[in-house]
Amino acid sequence: EVTAETSQPVVFVQEKETGDHEKTLKAQKEGKPQKLLEMNEHTLVPHSYDYDLIVIGGGSGGLAAAKEAAKYDKKVMVLDFVTPTPLGNSWGLGGTCVNVGCIPKKLMHQAALLGQALQDSRKFGWQFTEEVKHSWMTMTEAVQNYIGSLNWGYRVALREKKVTYENAYGEFVGPHTVKATNKRGAEKLYTAERFLIATGERPRYLDIPGDKEYCISSDDLFSLPYCPGKTLVVGASYVALECAGFLAGLGLDVTVMVRSILLRGFDQDIANKIGEYMEEHGINFIREFVPVKVEQIEEGTPGRLKVTAKSTKENQIIEGEYNTVLLAIGRDACTRKIGLDKVGVKINEKTGKIPVNDEEQTNVPYIYAVGDILQDKLELTPVAIQAGRLLVQRLYAGANIKCDYVNVPTTVFTPLEYGACGYSEESAVEKFGEENIEVYHSHFWPLEWTVPSRDNNKCYAKIICNIQDNERVIGFHVLGPNAGEVTQGFATAIKCGMTKEQLDSTIGIHPVCAEV
Amino acid sequence: MGWEEKQVRGYLEFAQTAQRYHGRPIFALFCGDKDAEGRSWCPDCVTAEPIVRKELHNMPDESVFIYCLVGDRAYWKDPNNEFRKNLKLTGVPTLLKYGTPQKLVEEECFKAELVRMLFTED
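Residues numbered from 1 in each chain as written. Chains lettered and ligands numbered in written order. Predicted model: local features only at pLDDT ≥ 70, side-chain atom pairs only at ≥ 80, totals over all residues. Heavy atoms only, no water.

Naming follows an unreviewed UniProt entry, where chain B appears as Thioredoxin domain-containing protein 17 of Nyctiprogne leucopyga. UniProt's Subcellular location (unreviewed entry) comment on chain B is quoted here verbatim: "Cytoplasm". Quoted verbatim from the Sequence similarities (unreviewed entry) field of the UniProt record, the comment on chain B reads "Belongs to the thioredoxin family." (UniProt positions renumbered as here; feature names shortened; annotations may be inferred.)

In the annotation of an unreviewed UniProt entry, chain A is listed under the name Thioredoxin reductase 1, cytoplasmic and assigned to Nyctiprogne leucopyga. Here is the UniProt Sequence similarities (unreviewed entry) comment for chain A, exactly as written: "Belongs to the class-I pyridine nucleotide-disulfide oxidoreductase family."

As structure tokens, this is what we get:
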């Protein structure tokens with residue numbers, strides 16, 4: 001095995017950990033490196049570390065693991081620090097999901113849905129004479145206030161569970177040692193028996209003139225202190241489409257600039273339906289172009305920006321004017337500046353992601369990782385939380401359940417929501433062969449959409465079955481309102497190995513979308 | 001300059017006082033009314049008050065500490081009372097940093113560490 005510390009006493013601890021499983025479990029329960037050394041009959045100076053576990057990153061994965069470890073009376077520290085965005089924006093404890101991800105996104109998506117509901121309500125008999133307008137500031141203040149209460153809640157929870165928290169940037173400086181630098185530049189060193197890296201990701205920039213000075217990212221959008229106005233969203237990820245979706249739903253003029261395909265990695269049949277729906281509902285799409293330059297025409301809140309873009313196919317150049325340019329072209333793992341080289345943790349040089357074994361252990365036995373930074377794992381909050389909790393239970397509570405990364409359900413909160421679990425049609429064909437899978441599908445018209453005369457052929461459900469395995473359902477896709485709520489239950493059914501026959505024999509609830 | 005304390009009774013007085021010190025850090029402790037012997041009808045408030053007072057020196061300079069008696073038990077139990085409606089208070093005692101979502105409710109106020117964290121958190 002590879003360890004950086006060949007001359008430290010602790011290397012014997014490491015060797016024993018990977019060697020003698022039984023003794024290690026016993027030692028883990030007792031939690032003292034000294035005892036382990038005694039057991040190995042080495043009369044070395046025992047190590048006593050400052051902490052049992054130091055977690056670098058206070059997001060979904062890090063906090064879940066820290067709180068779990070505290071339950072087993074471990075001495076835990078969480079280091080969380082947000083490097084400000086190029087525009088100077090920062091936020092409190094809780095990570096991406098809470099501050100600049102899932103939570104504000106879903107709230108703003110809801111704000112947009114409520115706008116639509118207000119329109120629909122007239123058809124159901126509600127009478128109001130004024131035109132309905134939206135206030136960005138009212139919405140954003142309310143969202144930020146809620147996020148603030150979550151940040152505070154985490155502070156209280158950590159304190160009550162006796163987890164030490166520092167708002168400081170953690171980086172490895174040597175074996176078992178991190179340096180924590182706070183925002184005033186003060187540095188402190190801490191040691192721990194084990195470490196958990198849960199540093200997550202940050203939005204990628206285009207690397208073109210004007211990108212960092214004038215463009216915003218999702219890190220800035222949810223606390224923007226002024227309405228973004230006419231917006232260009234660059235990217236075709238779920239982040240791009242969800243943001244474009246709710247911005248348009250709030251009444252803004254939105255354009256999406258796409259380099260190639262929509263929602264890479266997701267079922268493309270559904271991805272295209274989502275794009276069509278958005279286009280039919282007033283969102284402009286510029287396909288097969290990439291921005292090459294962003295210039296400021298006028299300062300302001302918002303200002304006016306000129307974007308120059310080039311076609312990916314021919315030599316065409318186009319220009320456009322927008323109040324705001326939102327970049328959503330991808331996220332990069334925060335693994336390059338945390339001193340991983342000093343402790344020998346291997347990362348994928350190209351992507352920055354950390355490869356781990358099925359117990360979330362890096363190539364360095366006492367260093368673990370969870371969350372978005374993991375290579376080849378889903379970037380979802382519940383996945384990070386589950387992985388973090390199970391890891392801690394295995395380390396400190398003698399459990400041996402590993403995180404199940406298969407058949408994890410997800411939902412994309414575009415204007416027409418998309419819930420999925422299992423294989424996309426393309427990946428099912430690739431894995432099992434077209435002749436071995438059967439696809440069942442159906443359009444449906446939600447009852448709630450009939451009276452207000454909303455689209456009658458846009459909602460869609462599809463299941464993919466493995467013919468060779470009793471027509472077991474291996475892929476579930478639904479496009480329609482409340483897709484997340486619909487999908488959750490089916491995810492458990494898929495986990496239990498539901499077959500098409502079992503699905504057919506389940507009587508539907510009427511009248512709901514899920515009955516289809 | 002240190003900090004100063006203002007004692008108020010009822011929502012109107014509270015709102016006026018908070019308004020007057022706009023711009024300075026304002027912390028407020030809400031408790032049930034006290035009888036002629038100085039005992040509150042709210043037993044948790046009786047427990048929390050000395051604990052909170054012991055940590056007041058941790059407040060940043062220029063802070064204003066507003067000690068607010070909310071009213072009698074019947075007023076407090078009314079789900080439409082002004083404190084519940086306007087400040088979203090859910091229980092007494094409540095210790096909060098005015099204008100932020102930071103607050104400690106009921107038994108949380110018994111923990112000196114949490115009180116200190118509220119006063120020093122930025």
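**Q** Hey, could you run me through the overall build of chain B in this one?
**A** Across its full length, chain B carries five helices and five strands. Along the chain direction, N to C, the helices and strands of chain B fall in the order β-α-β-α-β-α-α-β-β-α. Against the globule reference of 14 Å for 122 residues, chain B gives a C-alpha radius of gyration of 13 Å, in line with a compact fold. Seen through its principal axes, chain B has C-alpha atoms that stretch 40 × 30 × 25 Å. Classification of the 122 residues of chain B by burial places 46% in the buried group. Roughly 6300 Å² of accessible area belongs to chain B as shown, and the carbon and sulfur atoms make up 49% of that amount. Across chain B, the mean location of the 17 positive side-chain charges is 2 Å away from that of the 20 negative side-chain charges. (Helix = DSSP H or I, 4+ residues; strand = E, 2+ residues; numbered from the N terminus. Rg over C-alpha atoms; globule rule 2.2 N^0.38 Å. Buried < 20%, exposed > 50% of the residue type's maximum accessible area, 1.4 Å probe, protein only. Areas by Shrake-Rupley, 256 points an atom, 1.4 Å probe, with all protein chains shown as cover. Lys, Arg positive; Asp, Glu negative; His and termini not counted. Charge placed at Lys NZ, Arg CZ, Asp CG, Glu CD.)

**Q** Teacher, can you tell me more about the overall build of chain A here?
**A** Broken down by element type, chain A carries 17 helices and 22 strands. In terms of overall size, chain A behaves like a compact globule, its C-alpha atoms giving a radius of gyration of 25 Å where 516 residues would be expected to give roughly 24 Å. Overall size of chain A, expressed as C-alpha extent along the three principal axes, is 80 × 60 × 50 Å. Residue pairs in contact within chain A that sit at least 24 positions apart in sequence constitute 62% of those at least 6 positions apart. A total of about 24600 Å² of accessible surface is found on chain A, and carbon and sulfur atoms cover 50% of it. Taken together, the 55 basic and 68 acidic charged side chains of chain A have centroids lying 5 Å from each other. (Contact = heavy atoms within 4.5 Å.)

**Q** Honestly, the state of the cysteines in this entry has me stumped. Any pointers?
**A** Put plainly, a disulfide is one covalent bond tying together the sulfur atoms of two cysteines. By the definition in use, this model includes one disulfide over all chains. Paired by a disulfide, Cys42(B) and Cys45(B) hold their sulfur atoms 2.4 Å apart. Disulfide Cys42(B)-Cys45(B): the torsion about the S-S bond is 80°, which places it as right-handed. For the residue pair Cys42(B) and Cys45(B), the accessibility class agrees, reading buried in each case. We note that Cys421(A) lacks a disulfide partner, and the nearest cysteine sulfur, in Cys496(A), lies 11 Å from it. Cys421(A) sits in the buried class, given a relative accessible area of 1%. (Disulfide = S-S within 2.5 Å.)

**Q** Quick question: what am I supposed to make of the interface of chain A and chain B here?
**A** Residue-level contacts link 10 residues of chain A with 12 residues of chain B. Carbon and sulfur atoms make up 57% of the surface buried where chain A meets chain B, a total of about 1000 Å² over both sides. Ranking the residues of chain A by area buried against chain B places Trp152(A), Arg155(A) and Arg159(A) at the top, with a combined share of 59%. Between chain A and chain B we count one salt bridge in total. (Buried area = accessible area lost by both parts, 1.4 Å probe. Salt bridge = Lys/Arg side-chain N within 4 Å of Asp/Glu carboxyl O.)

**Q** Even after reading the chapter, I still don't get the nonpolar core, so can you show me in this structure?
**A** Here is a general trend for soluble globular proteins: nonpolar side chains tend to be buried in one another's company. Residue and element names in this part refer to chain A. The biggest cluster of nonpolar side chains holds 64 residues, and the ones touching the most others in it are Trp136, Leu221, Phe246, Val254, Val256 and Phe285. It is helix α10 (residues 238–249) that provides the largest number of residues to this core, a total of seven residues. Counting residues in hydrophobic clusters, the runner-up holds 54 residues, among them Ala65, Phe195, Leu196 and Tyr396. (Core = buried A, V, L, I, M, F, W, Y, C linked by side-chain atoms within 4.5 Å.)

**Q** I keep staring at the sheet that holds strand β21 (residues 459–466) of chain A and nothing clicks. Help me out?
**A** As a general point, the strands of a sheet are linked pairwise by backbone hydrogen bonds and lie either parallel or antiparallel. All names here are of chain A. An order of β18-β19-β22-β21-β20 is seen for the five strands of this open sheet, with the pairing classed as antiparallel. Where the open sheet ends on each side, the last strands, each with one partner, are β18 (410–412) and β20 (437–444). Within the sheet, the average angular offset between the axes of one strand and its neighbour, ignoring direction, is 15°. Two elements, β21 and strand β22 (residues 472–479), share seven bridges in a ladder whose sense is antiparallel. When the bridges of β22 are listed, Cys465 appears paired with Val473. On top of the sheet, helix α11 (residues 268–280) reaches β19 (418–422), β20, β21 and β22; it is set at about 175° to β21, its chief contact. The sheet contacts of helix α16 (residues 483–495) involve β18, β19 and β22, and relative to β22 the element is tilted by about 175°. (Pairing = 2+ DSSP bridges. Axes fitted to C-alpha atoms, helices over the stretch in contact; angles between N-to-C directions.)

**Q** Please explain the sheet that holds strand β8 (residues 216–217) of chain A as it appears in this structure.
**A** All names here are of chain A. The strand order across the open sheet built from five strands is β8-β15-β9-β10-β11, with neighbouring strands paired in parallel fashion. Every interior strand has two partners, whereas the edge strands, β8 and β11 (284–287), have only one. Looking at chain direction, β8 and strand β15 (residues 324–327) are connected through two bridges and run parallel. Looking at the pairing, Ser217 lines up with Leu327 of β15. Contacts from α10 reach β9 (231–234), β10 (254–258), β11 and β15 within the one sheet, and its direction differs from that of β10 by about 165°.

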